[in-house]
Amino acid sequence: MAQLACQDVSLGYEGREIVGGLTFTVNAGDYLCIVGENGSGKSTLMKTILGLRSPMRGEIVMGDGLRANEIGYLPQQTAVQRDFPASVREIVLSGCQGRCGLRPFYNRDERRLAADNMEKLGLTPLARRCYRDLSGGQTQRVLLARALCATQKLLLLDEPVSGLDPKVTAELYRLIADLNARDGITVIMISHDISAALRYATHILHIGERAFFGTRDEYRESGPGREYLRFHGPKGGAKP
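What comes next is a walk through the structure. Note that this is a predicted model, so its numbers are computed, not measured.

Within the protein chain, the secondary structure is distributed over 10 helices and nine strands. Whereas a compact globule of 240 residues would reach a radius of gyration of roughly 18 Å, the protein chain reaches 18 Å, a difference of no more than 12%. Along the first, second and third principal axes, the C-alpha atoms of the protein chain reach 50 × 40 × 35 Å. Of all 240 residues assigned to the protein chain, the portion counted as buried reaches 48%. Long-range contacts, defined here as pairs at least 24 residues apart, represent 65% of the contacts in the protein chain between residues at least 6 apart. When the accessible area of the protein chain is evaluated, it comes to approximately 12100 Å², of which 48% is carbon and sulfur surface. If the 31 positive side-chain charges of the protein chain are averaged to one point and the 27 negative ones to another, these points end up 5 Å apart.

If you want it as structure tokens, here you go:
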């Protein structure tokens, strides 16, 4: 059974449809990249998957035992988020809030989970550092560790490498790919980096005037894929 199924979904706000007829499925272990022009509805789709918005039509169904509170989310960063006055350990541990229920404190297992995720992402030496004093790449690793505390199943990532330099971007892409390949965590990522999408993703969802969903190789040969790669791909769409 699919972990997530989007069935003829139309999205919009204030009564205005921005994208319609989206149908796709995501299975456990998939790596789906969502691509398309600015304003095409990518972030709106992600917020709808998270339950922060309702579709105008259609439905999004979760399966494979996935619950809404088992989705890890790394949103686009804002200046307010970057200035948050808390330690790295506190930020990462806050990802366990969905596990606490009505308990006011984190238990031993949750603290161990946070410590393990910090170790996995190379953050243990920074545990006591103030989050707002970190570099851009470090803050994204902290937020990724926080998201991992919320899930062992599905990560939603909204432009996770935005504003990062090429070296840090490559490192973060490798971390995400390892989480997918080694740990079996399903990844759904919004990206403007079509080269990375075609390198790492198993599937591509293109949102635009002509929507597409399929494997990355199928996307290269599709009409929407060829057109998008002509303007956004490396060397006019050469295979990365």
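Moving on to the environment of Gly39. Relative to the elements of secondary structure, Gly39 occurs in the loop between β3 (31–35) and α1 (42–49). Residues Gly39 and Val19 lie 20 residues apart in sequence; the distance between their C-alpha atoms is 9.8 Å.

Bringing the pairing of β3 into the picture now. In terms of residue burial, β3 counts as a mostly covered element, since five of its five residues are buried. Of the two faces of β3, the one holding Tyr31, Cys33 and Val35 and the one holding Leu32 and Ile34 are both buried throughout. Pairing between β3 and strand β7 (residues 186–190): four bridges, direction parallel. The residue of β7 that forms the bridge with Ile34 is Ile190.

Here is the key point about a regular strand: its side chains alternate between the two faces of the sheet. For β7, the buried fraction is high: five of the five residues fall into the buried class. With burial as the criterion, each face of β7 is covered, one bearing Thr186, Ile188 and Ile190 and the other bearing Val187 and Met189. In this view, the connection linking strand β6 (residues 154–158) to its parallel neighbour β7 by way of helix α7 (residues 166–181) has right-handed handedness.

Taken in spatial order, the three strands make up an open sheet running β2-β1-β4, and their pairing is antiparallel. The open sheet is flanked by β2 (16–26) and β4 (57–62), the only strands paired with a single partner. Ignoring which end each strand starts from, the neighbouring axes of this sheet average 25° apart. Examined bridge by bridge, strand β1 (residues 4–13) and β2 share seven bridges and lie antiparallel to one another. Looking at the pairing, Ala5 lines up with Thr25 of β2. Contacting β1, β2 and β4, α1 runs over the sheet at an angle of about 120° to β1.

Our next topic: the state of the cysteines. This model, assessed by the stated rule, comprises zero disulfides. With no disulfide partner, Cys33 has as its closest neighbouring cysteine sulfur the one in Cys6, 17 Å distant. Cys33 sits in the buried class, given a relative accessible area of 0%. No disulfide involves Cys130; its nearest neighbouring cysteine sulfur is the one of Cys149, lying 18 Å away.

Strand pairs in the sheet, formed through backbone hydrogen bonds, run parallel or antiparallel to each other. The six strands lie next to each other as β5-β6-β7-β3-β8-β9, forming an open sheet whose pairing is mixed. Every other strand in the sheet has two partners, leaving β5 (71–74) and β9 (212–215) as the edge strands with one partner each. The mean angle between the axes of side-by-side strands here comes to 15°, regardless of whether they run parallel or antiparallel. Strands β3, β6 and β7 of the sheet are contacted by α7, whose axis makes an angle of about 145° with β7.

The rules behind these values
- Residues numbered from 1 in each chain as written.
- Predicted model: local features only at pLDDT ≥ 70, side-chain atom pairs only at ≥ 80, totals over all residues.
- Heavy atoms only, no water.
- Helix = DSSP H or I, 4+ residues; strand = E, 2+ residues; numbered from the N terminus.
- Rg over C-alpha atoms; globule rule 2.2 N^0.38 Å.
- Buried < 20%, exposed > 50% of the residue type's maximum accessible area, 1.4 Å probe, protein only.
- Contact = heavy atoms within 4.5 Å.
- Areas by Shrake-Rupley, 256 points an atom, 1.4 Å probe, with all protein chains shown as cover.
- Lys, Arg positive; Asp, Glu negative; His and termini not counted.
- Charge placed at Lys NZ, Arg CZ, Asp CG, Glu CD.
- Pairing = 2+ DSSP bridges.
- Right-handed = clockwise from strand over helix to strand, strands pointing away.
- Axes fitted to C-alpha atoms, helices over the stretch in contact; angles between N-to-C directions.
- Disulfide = S-S within 2.5 Å.

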